[in-house]
Amino acid sequence: MTAFYIHWNPSLELFSVAGVPLRYYGFLFMIGVLLSIYVLYLIFKKESIPAGHLEKLFYGGMFGGLLGARLGHCLIYEPGYFLSRPLEMLFPIAISPGGDITFIGYQGLASHGGTLSLLLVFLIFSRWAKIPLLKTLDMVAVVGPLGAGFIRLGNLMNSEIIGKITTAPWAFIFEQVDQQPRHPAQLYEAIAYLGIFCLNFFLYKKRNAITQPGLLFGTSTALVFTARFVLEFVKENQTSAEQEMLFNMGQWLSIPFILLGLGFILRANIKQKNTSLAL
């Protein structure tokens, strides 16, 4: 049966320049960012928002989101290790006991930490640009799952965040991990997120959902974290402590975001209903 499984053992590096490697993870991360920025540019243009505002949002979101996602991973999943090695928390390096420094790229970003830090960035941006916060959240919510999908493809190339052992005919054998056939959970998640992006773009473009403040943000948040919650059931836990938990850490952290998203969907629909009655 194993002959039908996909043996997965790609090189981590796309190429190297002057000894500094460009990893597939970083490459796919940047592709996701660039595509997201392009779609946001089209949205800003349609909403008559100055292009210069997008540049400010890009830099704030890029650095704020990356910092929050990195700190979220380090402090939620491996606090004991990273609190004793704070430089490895902030920089993409590994420091050996002898003091040697190796560039390894960021190996671990938590979507929950990134989401929280991005919400703060969007609040600051909205006040600076004098744009309603809900409109900012709705516009960014359209492209958020697009970037998340490419990050999960990067996880696939890194053979990390692997799935549980399975006999499914499409199972992957992550040879850098072991020789067991496993769910390609990263691929499942990437497909789910890219599908949510397509739905968001349809709602924005064809259904003019931007006229219902908070609807796109609520839909995107509820769907992304529901997908995360469900797919955690086929993923290996990231820490041994999660083995004794009813739900793993990723699932527990997803529940508030699911409720938040549903709350915004309900609010948007109530507001629309009240507006229709007033007319």
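What about the nonpolar core?
Here is step 1 of the chain: Counting 38 residues, the largest nonpolar core has Leu 40, Phe 44, Leu 57, Met 139, Val 142 and Leu 216 as its most contacted members.
Here is step 2 of the chain: Elements represented by at least two residues in this core include exactly α1 (24–46), α2 (51–77), α5 (111–129), α6 (133–157), β6 (172–174), α7 (185–205), α8 (215–231) and α9 (249–278).
Here is step 3 of the chain: If you tally residues by element for this core, the top one is α6, at 11 residues.
Here is step 4 of the chain: Core analysis: the next-biggest nonpolar cluster, separate from the first, contains 9 residues, Tyr 193, Phe 225, Ala 227 and Phe 247 among them.

Some words on the side chain of Thr 166
Here is step 1 of the chain: Counting through the fold element by element, Thr 166 comes out in the loop between α6 and β6.
Here is step 2 of the chain: Given the relative accessible area of 13%, Thr 166 is considered buried.
Here is step 3 of the chain: Within polar-contact distance, the side chain of Thr 166 engages the side chain of His 183 at 3.5 Å.
Here is step 4 of the chain: If we skip the residues at most four places from it in the chain, Thr 166 touches Tyr 5, Ala 171, Pro 181, Arg 182 and His 183.

Details of the pattern of salt bridges
Here is step 1 of the chain: If you walk through the whole model with that rule in mind, you get 7 salt bridges.
Here is step 2 of the chain: Residue Arg 182 pairs with Asp 178 through a salt bridge whose shortest N-O separation is 2.6 Å.
Here is step 3 of the chain: According to the relative accessible area criterion, Arg 182 is buried, its value standing at 7%.
Here is step 4 of the chain: Put simply, Glu 189 and Lys 235 hold a salt bridge, and the shortest N to O gap is 3.1 Å. A residue pair is termed long-range when its members are at least 10 positions apart, and Glu 189 in helix α7 and Lys 235 in the loop between α8 and α9 qualify at 46 residues. Residues Glu 189 and Lys 235 agree in their burial class; the two are buried.
Here is step 5 of the chain: Each of Arg 152, Glu 189, Arg 228, Glu 232 and Lys 235 takes part in one network of salt bridges that share partners.

Quick look at the packing of α2 against α5
Two measures define how a pair of helices packs: the angle their axes make with one another and the distance between the axes.
Here is step 1 of the chain: Look at α2 against α5: their axes get within 7 Å of each other, and the N-to-C directions meet at 155°. Taken together, the axes of α2 and α5 are roughly antiparallel relative to one another. The hand of the α2/α5 crossing is right-handed. Residues His 53, Lys 56, Leu 57, Gly 60, Gly 61, Gly 64, Gly 65, Gly 68, Ala 69 and Gly 72 of α2 touch α5, and the partners they reach there are Gly 113, Gly 114, Ser 117, Leu 118, Val 121, Phe 122, Phe 125, Trp 128 and Ala 129.
Here is step 2 of the chain: Looking at side-chain class alone, the contact of α2 with α5 contains 8 nonpolar, 10 polar and 1 charged residues.

Details of the packing of α6 against α8
Here is step 1 of the chain: At a closest axis distance of 7 Å, the pairing of α6 and α8 adopts a crossing angle of 25°. One finds that α6 runs roughly parallel with respect to α8. For the pair α6 and α8, the sense of crossing is left-handed. Residues Leu 137, Asp 138, Ala 141, Val 142, Pro 145 and Arg 152 of α6 lie in contact with α8, whose contacting residues are Leu 215, Leu 216, Phe 217, Ser 220, Val 224 and Arg 228.
Here is step 2 of the chain: The residue inventory of the contact of α6 with α8, partitioned by class, reads 8 nonpolar, 1 polar and 3 charged.

Cut-offs applied
Residues numbered from 1 in each chain as written. Predicted model: local features only at pLDDT ≥ 70, side-chain atom pairs only at ≥ 80, totals over all residues. Heavy atoms only, no water. Core = buried A, V, L, I, M, F, W, Y, C linked by side-chain atoms within 4.5 Å. Buried < 20%, exposed > 50% of the residue type's maximum accessible area, 1.4 Å probe, protein only. Helix = DSSP H or I, 4+ residues; strand = E, 2+ residues; numbered from the N terminus. Polar contact = N/O pair within 3.5 Å; in protein donor to acceptor, adjacent residues only side chain to side chain. Contact = heavy atoms within 4.5 Å. Salt bridge = Lys/Arg side-chain N within 4 Å of Asp/Glu carboxyl O. Axes fitted to C-alpha atoms, helices over the stretch in contact; angles between N-to-C directions. Parallel < 35°, antiparallel > 145°, perpendicular 65-115°, else oblique. Left-handed = near helix turned anticlockwise from the far one by under 90°. Nonpolar A, V, L, I, M, F, W, Y, C, P; charged D, E, K, R; others polar.

So far we have only geometry, and geometry alone does not tell us how the molecule works.
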